[in-house]
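Commentary on secondary and tertiary structure
These are the residues of each chain, in order.
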Amino acid sequence: MDIVNGITIGAMFEATVKKHANRNAVEYKSQYWNYKQLDEITDYMAIQFLKKGMKKGTKAALWVYNRPNALFVLLALEKIGAIPVMLHTSWKAESVERYLDFIEAEYLFYDEGYLEQNFIEFTKSILTTSLKEKVYIGSDRVLVTEDALHQLSKEERNILSDAKAQVQCEDTDMILFTSGSTGTAKGVVTTHFSRVNNAFAQAEFLRASYEDVFCVVLPMFHCFSMSGNIMAALSCGACISFPESRRTKHVFRCIESAKVTILTAVPTFYSALIASEWRKGYDYSSLRTGAIGGAGYSSSFFHKIEKELDMKLISSLGLTEATAGITASRYDEDSEKSAHHVGAFLPHIEGRILKQNTLEACAVGEVGEICVRGYNVMKEYYRLPEETAKAIDENGFLHTGDMGYQDVEGNVHLTGRCKEIIIRGGENVFPGEIENVISELDEVVCVKVLGVKDVHYGEEICACVSCKEGATLSEEQVQEQVRRHLAKYKIPRYVIFMEQLPFMGNGKIDVTKLREMIEAKGV
């Protein structure tokens, strides 16, 4: 892959339209729009946005579910250099209001909502000093009619062309938020240059082309969805298919009807698909490949996904602050290897494993912090200069907060998060290592290992485990599993069984809530 100099999301999309004008670009409930239609619709919307007073740099928030109208608005904003601010669909009204005020958003686009979240009702109470207008884009109706497209004047098209010409690759492309699993979510500011090149990189390691169909199951506010699905598809002329919802029935229906070839998701979603009672009723043989990332998983689970869904799985590591993609396994690598690491650093970025205290490079096999430098590193955390300085060092390296090591082939192996390192009696314990071992037990669905305060050792190890329905597992069995594979000091002192671990909307475990649950149990 070559770095594409001086290209914006709008320019990337324009190039794709020229190559694949008549190929399907978007599918939803068996309705299709080709690339020419997608270009016309988003041009029309972009002109309407300019008439509203939007311009390059205008921040417009999207509180939306995965539907075509959300994509149309996103692309229209990108074309004129406005900045989409993607809001979490699980946030309550007061959280949305707080973040809108902090980001200084001037417009809010919203739809009906997600699950029990009623955005229409919530939005009535949202008021901020910066907000100029709330725009409803819900329901399944297309916002732009064919007649409207033909009514655009030459003057309007010229105004749009001028607006497009002002957008530069170094401009901010969008603001996504960190998960906030261990604190307040931060707004991550990236550029058109970083997003476009990461999209090309993601499409390349999936070997995606205009013949592929991406099933977008991850929410659009998630970097994995935005770069690894939406933008990756647009970069190569593939079709973006939106399921009616993220319920497994609707996803399998979508895979069958749209003949989906690429399915990228977090481990919890793959787990739900495999366990779904609807799987036997649909044809998913069109699936070819997909990436897995966003959370930890065991090698046995990796193999199970490939076997049960009959697809080639790509292991990966991403981060919102790195425009999503950091590492990926090779498409032609044997799965026996790919299942045990998250791949090598992507082309054209510099990746290092650094010692936390000295920032010296670690030797092969030595655990340190995974750091990256290059086109994919964010510009900043919005209005948080001190936090930005902590994340990006004076040499330009982004400190991901993930711990791991590289093997002799350059592949990265995860061992946990920096903040989650457990220091037990002076020994550094990496939770990911223990989680991987416990996950190998057939009875286990999910596991999270945390450190809890201890008078004698400073910290002790606590494993929170959820099991398959009907399965039984004892504390002693979990401890024995760890004893067989790891050093004695890594055996969990506490094993807490839970019916279900708390998850956030992006598929990551809510560590803050989990700690509260542990404390409530007196541990």
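What this report covers is the structure whose coordinates are included nearby. This structure is a prediction, so every number in the text was calculated from the model and none was measured.

Right, let's talk about the overall build of the protein chain for a bit. Within the protein chain, the secondary structure is distributed over 17 helices and 27 strands. Relative to a compact globule of 523 residues, whose C-alpha radius of gyration would be 24 Å, the protein chain shows 23 Å and is just as compact. Along the longest, intermediate and shortest principal axes, the C-alpha atoms of the protein chain span 75 × 55 × 50 Å. Counting over 523 residues, the protein chain shows a buried share of 59%. Across the protein chain, the 58 positively charged side chains and the 71 negatively charged ones have centroids separated by 2 Å.

Looking now at the pairing of strand 2 (residues 31-34). Bridge count for strand 1 (residues 24-28) against strand 2 is 4 bridges, and the pairing is antiparallel. Residue pairing across strands places Y28 opposite Q31, the latter belonging to strand 2. The hairpin formed by strand 1 and strand 2 contains 2 residues between the paired strands, and K29 there has a positive phi angle of roughly 50°.

Here the focus is the pattern of salt bridges. All told, the structure shown has 30 salt bridges when counted by the stated rule. Among the ionic pairs, E244 bridges to R253, the shortest N-O distance being 3.7 Å. With a closest N to O distance of 3.8 Å, E387 and K390 form a salt bridge. Taken as a pair, E387 and K390 lie in helix 14 (residues 385-391) at a separation of 3 residues, close to a single helical turn. For E387, a relative accessible area of 30% translates into the label partly exposed.

Here the focus is the packing of aromatic side chains. According to the stated counting rule, one finds 13 aromatic pairs in the structure shown. Between F13 and Y35, the aromatic rings sit 6.1 Å apart at their centres with planes inclined by 40°, giving tilted as the arrangement. On the criterion of sequence distance, the pair formed by F13 in helix 1 (residues 9-20) and Y35 in helix 2 (residues 35-52) is long-range, its members being 22 residues apart. Ring centres of F252 and Y284 lie 5.6 Å apart, and the angle between their planes is 50°; on these two criteria the pair is classed as tilted. Within this pair, whereas F252 is found in helix 10 (residues 248-258), its partner Y284 is found in the loop between helix 11 (267-275) and strand 14 (289-292), the two being separated by 32 residues in sequence.

This brings us to helix 15 (residues 431-439). Within helix 15, 7 of the 9 residues are buried, which leaves it mostly tucked inside the rest of the structure. The set of residues buried in helix 15 consists of P431, G432, I434, E435, V437, I438 and S439.

Our focus in this paragraph is the sheet that holds strand 21 (residues 398-406). In spatial order, the strands read 18-19-21-22; together these 4 strands make up an open sheet with antiparallel pairing. Strand pairing shows two members of the sheet lacking a second neighbour, strand 18 (349-354) and strand 22 (412-417), which therefore form its edges. For this sheet the average axis-to-axis angle between neighbouring strands, irrespective of direction, equals 45°. Bridge count between strand 18 and strand 19 (residues 368-374): 6 bridges; the pairing is antiparallel. The partner of I353 across the bridge, within strand 19, is I370.

Mapping T8 onto the fold places it in the segment before helix 1. Of the polar contacts made by the side chain of T8, one reaches the backbone nitrogen of A11; its length is 3.0 Å. Non-local contacts of T8, meaning those with residues more than four positions away in its chain, are made with V167, Q168, C169, H192 and V196.

Close contact between helix 2 and helix 3 (residues 68-79) brings their axes to 8 Å; oriented N to C, the two are set at 65°. In this structure, the crossing between helix 2 and helix 3 has a hand that is right-handed. On the side of helix 2, the interface is formed by L38, D39, I41, T42, D43, M45, A46 and F49, while helix 3 contributes F72, V73, L75, A76, L77 and K79. Taken together, the residues that form the contact of helix 2 with helix 3 break down as 10 nonpolar, 1 polar and 3 charged.

This part is about the layout of surface pockets. Where empty space is left in the structure can be found by rolling a water-sized probe over the atoms. Estimated volume of the second largest pocket: approximately 230 Å³. As for the second largest pocket, its lining consists of T8, G10, A11, F13, E14, V17, D39, D43, E78, K79, K164 and V167. Its residues assigned to classes, the lining of the second largest pocket comprises 4 nonpolar, 2 polar and 6 charged.

A separate point is the environment of N34. Along the chain, the position of N34 falls in strand 2. Of the residues examined, N34 reaches a relative accessible area of 16% and is grouped as buried. Remark: the alpha-carbon pair of N34 and N22, spanning 12 residues in sequence, is separated by 5.5 Å. For N34, the residues in contact, after removing those within four places along its chain, are A21, N22, R23, N24 and A25. Here Q37 takes part through its backbone nitrogen, which lies 2.8 Å from a polar atom of the side chain of N34.

Right, let's talk about the side chain of T289 for a bit. Positionally, T289 belongs in strand 14. Since its relative accessible area comes to 0%, T289 is described here as buried. From its side chain, T289 meets the backbone oxygen of K312 in a polar contact 2.7 Å long. In this view, T289 contacts L206, T261, I262, L263, M311, K312, I314 and Y331; residues no more than four positions away in its chain are not counted.

To continue, consider the nonpolar core. Grouped burial of nonpolar side chains is what soluble globular proteins tend to show. F109, L234 and Y270 are the most contacted members of the largest nonpolar core, which totals 127 residues. Residues A61, L108, Y114 and V189 belong to the second largest nonpolar core, which totals 24 residues.

If you walk across this open sheet you meet the 3 strands as 25-26-27, and the pairing is mixed. Lying at the two open borders of the sheet, with one neighbouring strand each, are strand 25 (444-454) and strand 27 (494-497). Each strand of the sheet is rotated relative to its neighbour by a mean of 25°, with strand direction disregarded. Judged from the 4 bridges that link them, strand 26 (residues 458-467) and strand 27 form a sheet pairing that is parallel.

Thresholds applied
- Residues numbered from 1 in each chain as written.
- Predicted model: local features only at pLDDT ≥ 70, side-chain atom pairs only at ≥ 80, totals over all residues.
- Heavy atoms only, no water.
- Helix = DSSP H or I, 4+ residues; strand = E, 2+ residues; numbered from the N terminus.
- Rg over C-alpha atoms; globule rule 2.2 N^0.38 Å.
- Buried < 20%, exposed > 50% of the residue type's maximum accessible area, 1.4 Å probe, protein only.
- Lys, Arg positive; Asp, Glu negative; His and termini not counted.
- Charge placed at Lys NZ, Arg CZ, Asp CG, Glu CD.
- Pairing = 2+ DSSP bridges.
- Salt bridge = Lys/Arg side-chain N within 4 Å of Asp/Glu carboxyl O.
- Phe/Tyr/Trp six-rings, centres within 6.5 Å; stacked < 30°, edge-to-face > 60°.
- Axes fitted to C-alpha atoms, helices over the stretch in contact; angles between N-to-C directions.
- Polar contact = N/O pair within 3.5 Å; in protein donor to acceptor, adjacent residues only side chain to side chain.
- Contact = heavy atoms within 4.5 Å.
- Left-handed = near helix turned anticlockwise from the far one by under 90°.
- Nonpolar A, V, L, I, M, F, W, Y, C, P; charged D, E, K, R; others polar.
- 1 Å grid on protein atoms, 1.4 Å probe; cavity = no way out; pocket = protein on both sides within 12 Å on 5 of 7 lines; lining within 4 Å.
- Points joined across faces, edges and corners; volume = space filled by probe spheres on them.
- Core = buried A, V, L, I, M, F, W, Y, C linked by side-chain atoms within 4.5 Å.

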